[in-house]
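# Secondary and tertiary structure notes
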Amino acid sequence: RRLGLMATHAAEAMAPLSGMELACYLEMLLDAGEELGLVGATGGRRAIVGALLRAACDDSPSAATLRGELFWALEARARAASAQAGSYTHASVQSDSACSMESWAWAGVA
């Protein structure tokens, strides 16, 4: 819980940064959000993604840059997750393990 609170305060400190500045650190911020989510600090992950989305919703050219970078970063992550889920699903189908198949069912929805 403290980790999520710390990340929330850090995300609030990102508010004055421009979209161009955030675009420079986008991959690092997305990785940090992913790691926070993996350890259960979902509030921190939401705060990071929320700060990025707020900065991307502006009408400035730097916000447009951030939107483009955010789109392609998320697209690449979605493709990587889909490819990884496909390989695990293929292995699960070969082993006929219904339990293994269920654990990767979310990937098709995402």
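Below or above, wherever it landed, is the structure these notes cover. It should be emphasised that the depicted structure is a prediction, and the values quoted were computed from it without experimental measurement.

Calculation rules
- Residues numbered from 1 in each chain as written.
- Predicted model: local features only at pLDDT ≥ 70, side-chain atom pairs only at ≥ 80, totals over all residues.
- Heavy atoms only, no water.
- Phe/Tyr/Trp six-rings, centres within 6.5 Å; stacked < 30°, edge-to-face > 60°.
- Helix = DSSP H or I, 4+ residues; strand = E, 2+ residues; numbered from the N terminus.
- Expected span 1.5 Å × (residues − 1).
- Buried < 20%, exposed > 50% of the residue type's maximum accessible area, 1.4 Å probe, protein only.
- Arc of directions from axis to C-beta.

### Let's talk about the packing of aromatic side chains
Within this structure, the stated rule accounts for 1 aromatic pair. A ring pair is formed by F71 and W72, whose centres lie 4.8 Å apart and whose planes are at 80°; its orientation type is edge-to-face.

### Concerning helix α4 (residues 42-56)
When the terminal C-alpha atoms of α4 are compared, their 21 Å separation across 15 residues agrees well with the 21 Å that a helix rising 1.5 Å per residue should span. All buried positions along α4 are accounted for by G44, A47, I48, G50, A51, L52, A55 and A56.

### Observations regarding helix α3 (residues 26-38)
Across its 13 residues, α3 extends 18 Å between first and last C-alpha, which sits within 8% of the 18 Å expected from 1.5 Å per residue. Three or more residues of α3 are buried, namely L26, L29, L30, G33, L36 and G37. Buried residues of α3, seen end-on, are gathered within an arc of 125° and therefore sit on one face of the element. For α3, exposure combined with an orientation more than 90 degrees from the buried face picks out M28 and L38. Once α3 ends, the next one or two residues include G40, with phi positive near 95°.

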